[in-house]
Amino acid sequence: MLSQTSRNLLLHTPHLRTLTTSSVYRQAATTTTTAAAPTAIPKKRPIGAFRGGLFGFLLGSTVSGGAAYLYLLEEYKVSNELLTEDVEALRTSIQRVEAYVRRLEEKIEVQQGVLAKRK
């Protein structure tokens, strides 16, 4: 049986408490497998929070800027087509008004010529 001092020592030192035969075998097995490996795998350098945040911000800004540019380009094309259609409609209406004014002037000249012959 354990004495009181050895029991207190085991309770206050957790690394002594958890030492079992299975953990010793497991630890021995892991040290032998790592010692047998001829080349060590290089550690990947983790992306830090600042670099990851900066990369994410730049990527998001680029994607949203591109999407906004494409949206504005499409809106510009639509408004340009509408403006062109309005200009064409205005030109045809001006041509109709000019033709109507010419016919009125011709009728006025004919009327004035008839009145001048009667006098």
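What counts, and where the lines are drawn
- Residues numbered from 1 in each chain as written.
- Predicted model: local features only at pLDDT ≥ 70, side-chain atom pairs only at ≥ 80, totals over all residues.
- Heavy atoms only, no water.
- Helix = DSSP H or I, 4+ residues; strand = E, 2+ residues; numbered from the N terminus.
- Buried < 20%, exposed > 50% of the residue type's maximum accessible area, 1.4 Å probe, protein only.
- Areas by Shrake-Rupley, 256 points an atom, 1.4 Å probe, with all protein chains shown as cover.
- pLDDT = per-residue confidence, 0-100.
- Patch = residues over 30% accessible without salt bridge, like charges linked within 9 Å, V, L, I, M, F, W, Y side chains within 5 Å.
- Salt bridge = Lys/Arg side-chain N within 4 Å of Asp/Glu carboxyl O.
- Lys, Arg positive; Asp, Glu negative; His and termini not counted.
- Charge placed at Lys NZ, Arg CZ, Asp CG, Glu CD.

**Structural notes on the overall build of the protein chain**
Phase 1 of the analysis: The secondary structure content of the protein chain amounts to 4 helices and 0 strands.
Phase 2 of the analysis: Start at the N end of the protein chain and walk to the C end: the helices and strands fall as α-α-α-α.
Phase 3 of the analysis: Residues classed as buried in the protein chain amount to 2% of the 119 residues present.
Phase 4 of the analysis: With the model as given, the accessible surface of the protein chain reaches about 11,500 Å², and the carbon-plus-sulfur share is 65%.

**A short note on the confidence of the model for the protein chain**
Phase 1 of the analysis: Chain-level statistics for the protein chain give a pLDDT mean of 80 and a share of 65% at 70 or above.
Phase 2 of the analysis: Mean pLDDT values over the elements of the protein chain span from 53, in helix H2 (residues 14–17), up to 94, in helix H4 (residues 49–118).

**Structural notes on a negative patch on the surface**
Phase 1 of the analysis: Among the surface-exposed residues, Glu74, Glu75, Glu81, Glu85 and Asp86 lie close enough to one another that they form a single negatively charged patch.
Phase 2 of the analysis: Position of glutamate 81 relative to the elements: it lies in helix H4.
Phase 3 of the analysis: When its relative accessible area of 51% is taken as the criterion, glutamate 81 is described as exposed.

**Quick look at the pattern of salt bridges**
Phase 1 of the analysis: Throughout the structure, instances matching the rule amount to 2 salt bridges.
Phase 2 of the analysis: Between glutamate 88 and arginine 91 there is a salt bridge whose closest N-O contact spans 2.3 Å. Taken together, the positions of glutamate 88 and arginine 91, both in helix H4 and 3 residues apart, correspond to about one turn of that helix.
Phase 3 of the analysis: What makes arginine 91 partly exposed here is its relative accessible area of 43%.
Phase 4 of the analysis: Across the pair glutamate 98 and arginine 102 runs a salt bridge, and its minimum N-O distance is 4.0 Å. One end of the pair is glutamate 98 and the other is arginine 102, both in helix H4 and 4 residues apart, which spans about a single turn.
Phase 5 of the analysis: Assessed through its relative accessible area of 49%, arginine 102 is described here as partly exposed.

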